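Coordinate inspection notes
Listed below, chain by chain, are the residues.
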Amino acid sequence: PELVGSAYLYLSGLLFSLVGLGLLDWRFKIAFFRNFKAALFSILIPFVFFLLWDGAGIALGIFFRGETEHLTGLLVAPEIPLEEIFFLLLLNYTSLTVFSVISRMHGKR
């Protein structure tokens, strides 16, 4: 894998987004900084579901890893790039954050 350049661009964007979301969470006490245990389960349960979903799609020949210069080339399982792990974490963390903020706003009305 390429160690510099665009190979780590997508992974860097995912990590940057996760850190930014974490900072928003910390500042406004949205999820993890409000109730760590509930937030952890709210992210891990769908994370495992989506990994199983990916595995089933791969086993059935529906999903496959595309070739692009923006991926590191590191795989955590057959056809599952490292970036998929961080994408799923970001997807679930963003969903939890948006749901929490909307619920809180709706509750204040």
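For the structure, see preceding data.
How each quantity is defined
- Residues numbered from 1 in each chain as written.
- Predicted model: local features only at pLDDT ≥ 70, side-chain atom pairs only at ≥ 80, totals over all residues.
- Heavy atoms only, no water.
- Helix = DSSP H or I, 4+ residues; strand = E, 2+ residues; numbered from the N terminus.
- Expected span 1.5 Å × (residues − 1).
- Buried < 20%, exposed > 50% of the residue type's maximum accessible area, 1.4 Å probe, protein only.
- Arc of directions from axis to C-beta.
- Contact = heavy atoms within 4.5 Å.

1. A few points about helix α1 (residues 9-28)
- With 20 residues, α1 extends 28 Å between its outermost C-alpha atoms, agreeing within 8% with the 28 Å of an ideal straight helix rising 1.5 Å per residue.
- Of all the residues in α1, the buried ones are Leu-11, Leu-14, Leu-18, Leu-21, Gly-22 and Asp-25. The arc enclosing the buried residues of α1, seen along the axis, measures out at 105°, which places them on a common side. Turned more than 90 degrees away from the buried face of α1, the exposed residues are Leu-9, Phe-16, Val-19 and Arg-27.
- Considering only its buried residues, α1 is in contact with α3 (82-107).
- Positioned one or two residues after α1, Lys-29 has a phi angle of 50°, which is positive.

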